[in-house]
Amino acid sequence: MGFGDLKSSSGLKVLNDFLLDRSYIEGFVPSQADVAVFDVLSTPPPADLCHALRWYNHIKSYHNQKSSLPGVKKPLGQYGPPGVADTTSSAPAASKDDEDDDDIDLFWVSDEGWGRFVRSFRSY
């Protein structure tokens, strides 16, 4: 699956043909699949690719709500028509700092505070 190279005219043509009878990349509502494909496009498709341009303008209207759209963003190659490989150059990989959330204590309780809680609970 894929669209080929979405930064080239041939990839945009595949996207246009894919959207011929669809409103969205997956399903019947805008989703993270649409965001994943939209984020690769740096400019709107040309006017002669009317289905891709329609879709682009529609997804662009969600610019403030992209992160709240349903679904999970998958790699670009998992979207599109079968039999077409994704050859779009990908964005640089996230740095380790972006991925490292292990140091966040979601309950805001220090180890010492937790120990006191456990000891007090055992005394009952």
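In this text, all values refer to a predicted model and were calculated from it rather than measured experimentally. Per chain, residues are indexed from 1 in the order of the written sequence. Restriction of local features to residues with pLDDT of at least 70 applies here, the model being predicted, together with a cutoff of 80 or more for giving and counting side-chain atom pairs; totals for whole chains, interfaces and linings are based on all residues. Note: side-chain values were computed over all heavy atoms of the structure, leaving out hydrogens and water.

So, on to the overall build of the protein chain. Along its length, the protein chain carries five helices and zero strands. Reading the protein chain from its N end, one meets helices and strands in the order α-α-α-α-α. Here's how the labels work: a residue is buried when its accessible area is under 20% of the maximum for its type, exposed when over 50%, partly exposed in between, all with a 1.4 Å probe on protein chains only. When each of the 124 residues of the protein chain is scored for burial, the buried share is 31%. Put simply, of all contacts in the protein chain between residues at least 6 apart along the chain, 70% involve residues at least 24 apart. Using a 1.4 Å probe, accessible areas were evaluated by the Shrake-Rupley method; residue-level cover was limited to the displayed protein chains. When the accessible surface of the protein chain is split by element, carbon and sulfur atoms take 57% of a total near 8,700 Å². Helix and strand definitions follow DSSP, with helices as H or I runs of at least four residues and strands as E runs of at least two, each counted in order from the N terminus. Throughout, a contact is declared for two residues whenever any of their heavy atoms are within 4.5 Å.

As a further point, take the pattern of salt bridges. Where charged atoms from two side chains of opposite charge approach closely, those side chains can pair. Salt bridges are counted wherever a side-chain nitrogen of Lys or Arg sits within 4 Å of a carboxyl oxygen of Asp or Glu. The final tally for this structure, using the stated rule, is five salt bridges. Residue Asp-21 pairs with Arg-22 through a salt bridge whose shortest N-O separation is 3.4 Å. For Arg-22, a relative accessible area of 36% gives the class partly exposed. The salt bridge partner of Lys-66 is Asp-39, with a shortest N-O separation of 3.5 Å. Residue Lys-66 is located in the loop between helix H3 (50–60) and helix H4 (96–99), and its partner Asp-39 is located in helix H2 (residues 32–40); the two are separated by 27 residues in the primary sequence. Given the relative accessible area of 17%, Lys-66 is considered buried. One connected set of salt bridges, linked through shared partners, spans Asp-39, Lys-66 and Lys-73.

Counting buried positions over the nine residues of H2 gives eight, a clear majority of the element. Within the span of H2, buried status applies to Gln-32, Ala-33, Asp-34, Val-35, Ala-36, Val-37, Phe-38 and Val-40. On its buried face, H2 is in contact with helix H1 (9–18) and H3.

You can see Asp-34 is positioned in helix H2. Definition of a polar contact: a pair of N or O atoms within 3.5 Å, with one able to donate and the other able to accept a hydrogen when the atoms are protein atoms, and with sequence-neighbouring residues admitted only if both atoms are side-chain atoms. A distance of 3.0 Å separates a polar side-chain atom of Asp-34 from the backbone nitrogen of Ser-31. A polar side-chain atom of Asp-34 sits 2.8 Å from a polar atom in the side chain of Trp-55. Discounting residues that sit within four places of it in the chain, Asp-34 has contacts with Tyr-24, Ile-25, Val-29, Trp-55 and Ile-59.

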